[in-house]
Amino acid sequence: FEDKLSDAWLKSLGGDSYSFRLTSIFNTIFKEAANKFNAEILLIDVGPNLGAINRAVTISSDYIVMPVASDLFSLQGIKNLGQTLVKWKKDWNQRLEQKPAKVSFEIPTNNALPIGYIVMQYSAKESRPVISYLKWANRIPSVFAEYVLGISTQIQSVEEDSHCISLLKHYRSLAPMSMESHKPIFLLKPSDGAIGAHVYAVQRSYQEFEALTNS
């Protein structure tokens, strides 16, 4: 499907109706799913790449949330994605000028708004925070502001950044336990192996994910 979407992306510049239909396919799917299940919010989890599928999903979305880690690779990923989102918006706006006058489907307007990021495996609040880890984490606010939002910021700590939606700690052995049980971390039970100290960790994870959802 990547190849078909890439081809449609090119042909939509010429106003080809089928290419617009194909490029808008995720918007169609999202609308149908929302109507079928009476859903107010749809969460779309995409792979960590800048391919044609992610581009088509992005232009059909309302908001963008970036999961990041405290390392050099994530900082570079924020830069790449921020610059790419700007290019995708510009390119799609050019195509919208060529859209067919009459179509039987809804063409997305690409108003996707980056609203923030979630820091994964955050360990600063644990008993022995790693200084080098915090150094990378505290660079995230300025990089996100510059390359994604197009603004500058003086925020020195990720914990003070309003665009940091959540700080999810490292769940260590709960993660493989979750995959083995085919359950979210916060729904693990003693029968899944969550015993002893794991019980408290599961309860904490539930509270943390609940806070993330409400934010």
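Participant: Which residues make up the sheet that holds strand 2 (residues 113-122), and what values do they have?
Facilitator: The pairing of strands in a sheet comes from backbone hydrogen bonds and takes either a parallel or an antiparallel form. Strand order in the open sheet formed by three strands is 1-2-3, with parallel pairing between adjacent strands. Strands at the two margins of the open sheet, each flanked by one partner only, are strand 1 (63-68) and strand 3 (164-169). Going across the sheet, the axis of each strand differs from the next one's by a mean of 20°, ignoring polarity. Here four bridges tie strand 2 to strand 3, and the two strands are oriented parallel to one another. Bridge assignment links valine 119 to a residue of strand 3, and that residue is leucine 167. Strands in contact with helix 5 (residues 72-96) are strand 1 and strand 2; relative to strand 1, the strand with the most contacts, it is inclined by about 160°.

Participant: Let's hear about the side chain of asparagine 54: which residues, and what values?
Facilitator: Note on placement: asparagine 54 falls in helix 4 (residues 52-59). When residues no more than four places from it in sequence are discounted, the contact partners of asparagine 54 are Val46, Gly47, Asn49 and Trp88.

Participant: How would you summarise the pairing of strand 1 if you had to cite specific residues and measurements?
Facilitator: Side chains Ile64, Met66 and Val68 project from strand 1 onto a buried face, and the interleaved Tyr63, Val65 and Pro67 project onto a face without burial. A crossover links strand 1 with its parallel partner strand 2, the connecting element being helix 5, and its sense is right-handed.

Participant: Kindly report on the pairing of strand 2, identifying the contributing residues and their values.
Facilitator: Of the strand pairs in this sheet, strand 1 and strand 2 are connected by six bridges, and their pairing is parallel. When the sheet's bridge partners are listed, tyrosine 63 is paired in strand 2 with leucine 113.

Participant: Quick rundown of helix 9 (residues 197-214)? Include the residues and the values.
Facilitator: For helix 9, spanning 18 residues, the distance from its first C-alpha to its last is 26 Å, which sits close to the expected 26 Å at 1.5 Å a residue. Residues of helix 9 that are buried: Ala201, Val202, Ser205, Glu208 and Leu212. Each buried residue of helix 9 lies within a common arc of 130° when the element is viewed along its axis, so the set occupies one face. Away from its buried face by more than 90 degrees, helix 9 exposes Tyr200 and Asn214. Packed against the buried residues of helix 9 are strand 2, strand 3 and helix 8 (174-181).

Participant: Describe the pattern of salt bridges, listing the residues and the values that go with them.
Facilitator: Applying the stated criterion across every chain yields a total of five salt bridges. With a shortest N-O distance of 3.2 Å, aspartate 7 and lysine 11 are connected by a salt bridge. Remark: lysine 11 and aspartate 7 occur in helix 1 (residues 2-11); sequence separation between them is four residues, near one turn of the helix. Among the salt bridges present, the one from lysine 183 reaches aspartate 192, with a minimum N-O distance of 2.8 Å.

Participant: Could you give me a rundown of the environment of arginine 95, with the residues and numbers involved?
Facilitator: Residue position: arginine 95 is located in helix 5. For arginine 95, a relative accessible area of 4% puts it in the buried group. Sequence spacing of arginine 95 and isoleucine 165 is 70 residues, and the spatial spacing of their C-alpha atoms is 33 Å. For arginine 95, the residues in contact, after removing those within four places along its chain, are Trp9, Leu10, Ser12, Leu13 and Phe20. Side-chain polar atoms of arginine 95 contact the side chain of serine 12, separated by 3.3 Å.

The rules behind the values
- Residues numbered from 1 in each chain as written.
- Predicted model: local features only at pLDDT ≥ 70, side-chain atom pairs only at ≥ 80, totals over all residues.
- Heavy atoms only, no water.
- Pairing = 2+ DSSP bridges.
- Helix = DSSP H or I, 4+ residues; strand = E, 2+ residues; numbered from the N terminus.
- Axes fitted to C-alpha atoms, helices over the stretch in contact; angles between N-to-C directions.
- Contact = heavy atoms within 4.5 Å.
- Buried < 20%, exposed > 50% of the residue type's maximum accessible area, 1.4 Å probe, protein only.
- Right-handed = clockwise from strand over helix to strand, strands pointing away.
- Expected span 1.5 Å × (residues − 1).
- Arc of directions from axis to C-beta.
- Salt bridge = Lys/Arg side-chain N within 4 Å of Asp/Glu carboxyl O.
- Polar contact = N/O pair within 3.5 Å; in protein donor to acceptor, adjacent residues only side chain to side chain.

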